[in-house]
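Secondary and tertiary structure notes
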Amino acid sequence: MAKVRQDAWSHEDDLLLAETVLRHIREGSTQLKAFDEVGGDKLNRTSAACGFRWNAEVRQSYEQAVQIAKKQRKDRKRALANKEQNTTTTTTNLHLPEEEEVFDKSSQEDSFIWNWKKEETKPAMQDVAPQSSLDLSQVIRYLQFLKKEQQQMKYSQSNMERLIQEKEQLQTQLETHRKRVQELEQELQTMHEDYQAFMQIVERARKMVVFDEEQPRPVPKFRMDKNGNLEQVAK
């Protein structure tokens, strides 16, 4: 019976992760905040672990739901903008590209880093965008963002190195097994050849015995001497 890892993700964990991420997308929040919420309060996992699970396994099953949530987010922003248009003036903000096609990266871990950057950079950069003045809290928040980004990159790099090492070990084991299979095949071929040679010897010995039995044996002849004794007559 296969053993189940204690930290394995269940279907309920994936469902809770998906619901939390979709809710944050609809509400205009970031996926990183969703990972913090579901990981710390509900799943007892790190934000990085939740993010990697979402990008590597869960998201592909909720692509349509993600698109719907993004549309709802845009509709919500549009409605709020129309509502505030008559009471606020236009301000200059630093806009970054929308989160589109960020999961087409070559690896799942790089995909998570890329998405995390685009999600988290937008609010962080807005906080430090050119304004009339900057306060200390905004600078601290931006530095905290850079620290999180560095930690995430280190985590992804270490995880990738671990996967590469596991791949090399598996390749070494596979090569060892292949050599062993070749040796066993060679031994089997040798045993087969020895068996065939032995059977040929047995067959020749059997034929020689049958041939000797089929040849007639000469009947000895005797004669009686003058004393009345029997003696064999030589051929």
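The following refers to the structure shown. (Residues numbered from 1 in each chain as written. Predicted model: local features only at pLDDT ≥ 70, side-chain atom pairs only at ≥ 80, totals over all residues. Heavy atoms only, no water.)

According to the stated counting rule, one finds one aromatic pair in the structure shown. Here the aromatic rings of Tyr-142 and Phe-145 are separated by 5.8 Å at their centres, their planes lie at 35°, and the arrangement is tilted. On the criterion of helical spacing, the pair formed by Tyr-142 and Phe-145 is a turn pair, its members being three residues apart in helix H6 (residues 136-214). Exposure remark for Tyr-142: the relative accessible area of 25% places this residue in the partly exposed category. Exposure remark for Phe-145: the relative accessible area of 6% places this residue in the buried category. The ring of Trp-9 carries the charged tip of Arg-45 above its face, separated from the ring centre by 4.1 Å. (Phe/Tyr/Trp six-rings, centres within 6.5 Å; stacked < 30°, edge-to-face > 60°. Helix = DSSP H or I, 4+ residues; strand = E, 2+ residues; numbered from the N terminus. Buried < 20%, exposed > 50% of the residue type's maximum accessible area, 1.4 Å probe, protein only. Lys NZ or Arg CZ within 6 Å of the ring centre and 35° of its normal.)

Let's shift gears to the environment of Arg-53. The topology assignment puts Arg-53 in helix H3 (residues 47-58). Residues Arg-53 and Trp-9, 44 residues apart in the sequence, show an inter-C-alpha distance of 8.6 Å. Leaving out residues up to four positions away in the same chain, Arg-53 has contacts with Trp-9, Asp-14, Leu-17 and Val-58. Within the structure, Arg-53 has its side chain in polar contact with the side chain of Asp-14 (distance 2.9 Å). (Contact = heavy atoms within 4.5 Å. Polar contact = N/O pair within 3.5 Å; in protein donor to acceptor, adjacent residues only side chain to side chain.)

We now examine the pattern of salt bridges. Under the defined criterion, the tally for this structure stands at nine salt bridges. With a closest N to O distance of 3.3 Å, Glu-63 and Arg-59 form a salt bridge. Of the residues examined, Arg-59 reaches a relative accessible area of 4% and is grouped as buried. (Salt bridge = Lys/Arg side-chain N within 4 Å of Asp/Glu carboxyl O.)

End to end, helix H4 (residues 63-84) covers 32 Å across 22 residues, agreeing with the expected 32 Å (1.5 Å per residue, within 8%). Along H4, the positions that sit buried rather than exposed are Val-66, Ala-69, Lys-70 and Arg-73. The buried residues of H4 occupy one face: seen down the axis, they fall within an arc of 100°. For H4, exposure combined with an orientation more than 90 degrees from the buried face picks out Gln-64, Lys-71 and Lys-83. Looking at the buried residues of H4, the elements they touch are helix H1 (11-26) and H3. (Expected span 1.5 Å × (residues − 1). Arc of directions from axis to C-beta.)

Turning our eyes to something else, we now look at the packing of H1 against H3. Where H1 contacts H3, the two axes come as close as 11 Å, and the packing angle between them is 100°. Here H3 runs roughly perpendicular to H1, going by the angle between their axes. In this structure, H1 uses Asp-14, Leu-17, Ala-18 and Val-21 to contact H3, whose residues at the interface are Cys-50, Arg-53, Trp-54 and Val-58. Split by residue class, the contact of H1 with H3 holds six nonpolar, no polar and two charged. (Axes fitted to C-alpha atoms, helices over the stretch in contact; angles between N-to-C directions. Parallel < 35°, antiparallel > 145°, perpendicular 65-115°, else oblique. Nonpolar A, V, L, I, M, F, W, Y, C, P; charged D, E, K, R; others polar.)

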